[in-house]
Amino acid sequence: MKKVFTAFVLLMYACTSYAAYYDEGNDGNNWDSAYIIDSLEDLELMRARIRQSFDVSGKYYKLDADIDTTAAKSRINISSFAGHFDGQGHTLTVNSTMFFRVNMPSSRDVAIKNLNVIGTVENSYSGGIVSKLESGVIDNCKFSGSVSANMAGGIAGTVEDGVIRRCKVNGSVHGVNWAGGIVASLKGSGGIEDCEAMQGSEVVVSGDIIGGYAGGIVGWMKGGYVTGCTSHAKLNATKSEGGIVGKITTTTNRSRITGNYYTEIDREVGSGTGIFDPDPDPDPEPELDPDLDQNPEPEPEPDLDQNPEPEPEPDPDPDQNLDPEPEPENPTPSQGAYYDEGNNGNS
């Protein structure tokens, strides 16, 4: 009973004692009243409130200072995040992935933006900033350091229906099964837009039992898209490496890879057995029916004679002249003597 009471007191203290977090009565309901994070204690409070469901999905947070989280007594990990976090260009120094799971109400809601992260991250399934992006957007973030995991990505371990855009990685990504400069695994309708694995980065995969694939941007792709990305990362894998994608696997979702640039290898995709659309035609030609003649004979033009001869007057007596006289052999005005010298037959 005493332990329960002590925990309750500590929790109440954590929820009421930090001034900056509730600066000027902020309630976290929009960017103008976002919770302000400017100390390690504020980050710990944020984690505690989310874990205890005090701060539900949709809350807004702003990082207002550079913070070293490695000084915390326990690692600062947020197990499930569905809010909006603006790093405002500040830097978090970490020794583990900050956000384990990001699951926004909409796949296009911005979850994390303008955040710099540096440090060494080690986990079984990990990214430099997020382990699993189920839905939502990570925008304009940067990771510098190293990530080591079974499935390792510079920004995220896996992306399902979310989007990572305008993010950069400068460091090393080491995976046992597969690894990507930005994402280890991409599937569903997720996307990677305008991201970069910077000069001096490396992506290494050491295992070959399950995977063995390394990509400058994505390690393993089962759908989604990668567009406008650049990779200068050096690649080393036990099975295959791709300048952009290490491996594409059979899927019902078309994998689209367009407008990317890579320097350290001569192929965009290391290997692939699935539906792969390297550059979809925005205006595809309609499919032709093989059962139809694609070059039919033109229809004959209609008779364009603008002065047709008049139809003969009907015979007033249907019982007479049942066999009318035949037409003359040369009725047309082009055959000469009948109309010779303009004769009209009047005299």
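What you see is a predicted model, and the numbers here were worked out from it, not measured in a lab.

It is worth spelling out the pairing of strand E24 (residues 245-248) at this point. Inspection of the sheet shows strand E20 (residues 218-227) paired to E24 by three bridges, in the parallel sense. In the sheet register, Trp-220 faces E24, and the bridge partner there is Lys-247. Two elements, E24 and strand E27 (residues 269-272), share three bridges in a ladder whose sense is parallel. The residue bridging Val-245 from the neighbouring strand is Val-269, located in E27.

Glancing now at the pattern of salt bridges. Per the stated rule, a full pass over the model turns up seven salt bridges. With its nearest N and O atoms 2.9 Å apart, the salt bridge here joins Arg-101 to Glu-134. Note that Arg-101 is positioned in strand E6 (residues 99-103) and Glu-134 in strand E10 (residues 130-135), a separation of 33 residues in sequence. Relative accessible area serves as the criterion here: at 31%, Arg-101 is assigned to the partly exposed category. One network of salt bridges, with partners in common, ties together Arg-101, Lys-132, Glu-134 and Glu-160.

Structurally, Asp-86 is set in strand E4 (residues 84-86). One buried charge, Asp-86, has no salt-bridge partner; the nearest side chain with opposite charge is Lys-113, at 4.3 Å.

Unusually for a residue other than glycine, Gln-88 sits at a positive phi of about 55 degrees. Tracing the chain through its elements places Gln-88 in the loop between E4 and strand E5 (91-94).

Turning our attention to the state of the cysteines. Per the counting criterion, the structure on display carries zero disulfides. Cysteine Cys-195 is unpaired, with the sulfur of Cys-167 as its nearest cysteine sulfur at 4.9 Å.

Here the focus is the environment of Ile-36. Within the secondary structure, Ile-36 sits in strand E1 (residues 35-37). Between the C-alpha atom of Ile-36 and that of Tyr-61, which follows or precedes it by 25 residues, the distance is 6.0 Å.

Residue position: Tyr-262 is located in strand E26 (residues 261-262). The sequence separation of Tyr-262 and Gly-242 amounts to 20 residues, and the corresponding C-alpha distance is 9.1 Å. The contact partners of Tyr-262, leaving out residues within four places of it in the chain, are Ser-231, Gly-243, Ile-244, Arg-267 and Glu-268.

Turning our attention to the environment of Ser-96. With respect to the helices, strands and loops of the structure, Ser-96 is situated in the loop between E5 and E6. The spatial distance from the C-alpha of Ser-96 to the C-alpha of Val-130 is 9.8 Å, given a sequence separation of 34 residues. Those residues in contact with Ser-96 that sit more than four places away from it in its chain are Arg-75, Ile-76, Asn-77, Thr-120 and Val-121. A polar atom in the side chain of Ser-96 sits 2.7 Å from the side chain of Asn-77.

Over its 12 residues, helix H2 (residues 40-51) runs 17 Å from end to end, which matches the ideal 16 Å to within 8%, given 1.5 Å per residue. Ser-53 sits one or two positions beyond H2 and adopts a positive phi of about 65 degrees.

What follows concerns the side chain of Ser-231. Relative to the assigned elements, Ser-231 resides in strand E21 (residues 230-231). For Ser-231, a relative accessible area of 2% gives the class buried. A polar atom in the side chain of Ser-231 sits 3.3 Å from the backbone nitrogen of Ala-233. The residues contacting Ser-231, other than those within four sequence positions of it, are Ala-197, Gly-216, Ile-217, Gly-243, Tyr-261, Tyr-262 and Thr-263.

Okay, the packing of aromatic side chains next. Any two aromatic rings considered together are summarised by their centre-to-centre distance and by the angle between their planes. For the coordinates displayed, the defined rule picks out six aromatic pairs. On the numbers, 5.1 Å between centres and 55 degrees between planes, the contact of Phe-81 with Phe-99 is tilted. In this pair, Phe-81 is assigned in the loop between strand E3 (67-68) and E4 and Phe-99 in strand E6, connecting sequence segments 18 residues apart. Accessibility classification places Phe-81 together with Phe-99 in one group, the buried group. For the ring pair Trp-178 and Trp-220, a centre distance of 4.6 Å and an interplane angle of 55 degrees mean the geometry is tilted. Taken together, the positions of Trp-178 in strand E15 (residues 168-180) and Trp-220 in strand E20 put the pair 42 residues apart, joining distant regions of the chain. One aromatic cluster is present, built from ring pairs that chain together Tyr-35, Tyr-61, Phe-81, Phe-85 and Phe-99.

The rules behind each value
- Residues numbered from 1 in each chain as written.
- Predicted model: local features only at pLDDT ≥ 70, side-chain atom pairs only at ≥ 80, totals over all residues.
- Heavy atoms only, no water.
- Pairing = 2+ DSSP bridges.
- Helix = DSSP H or I, 4+ residues; strand = E, 2+ residues; numbered from the N terminus.
- Salt bridge = Lys/Arg side-chain N within 4 Å of Asp/Glu carboxyl O.
- Buried < 20%, exposed > 50% of the residue type's maximum accessible area, 1.4 Å probe, protein only.
- Lys, Arg positive; Asp, Glu negative; His and termini not counted.
- Disulfide = S-S within 2.5 Å.
- Contact = heavy atoms within 4.5 Å.
- Polar contact = N/O pair within 3.5 Å; in protein donor to acceptor, adjacent residues only side chain to side chain.
- Expected span 1.5 Å × (residues − 1).
- Phe/Tyr/Trp six-rings, centres within 6.5 Å; stacked < 30°, edge-to-face > 60°.

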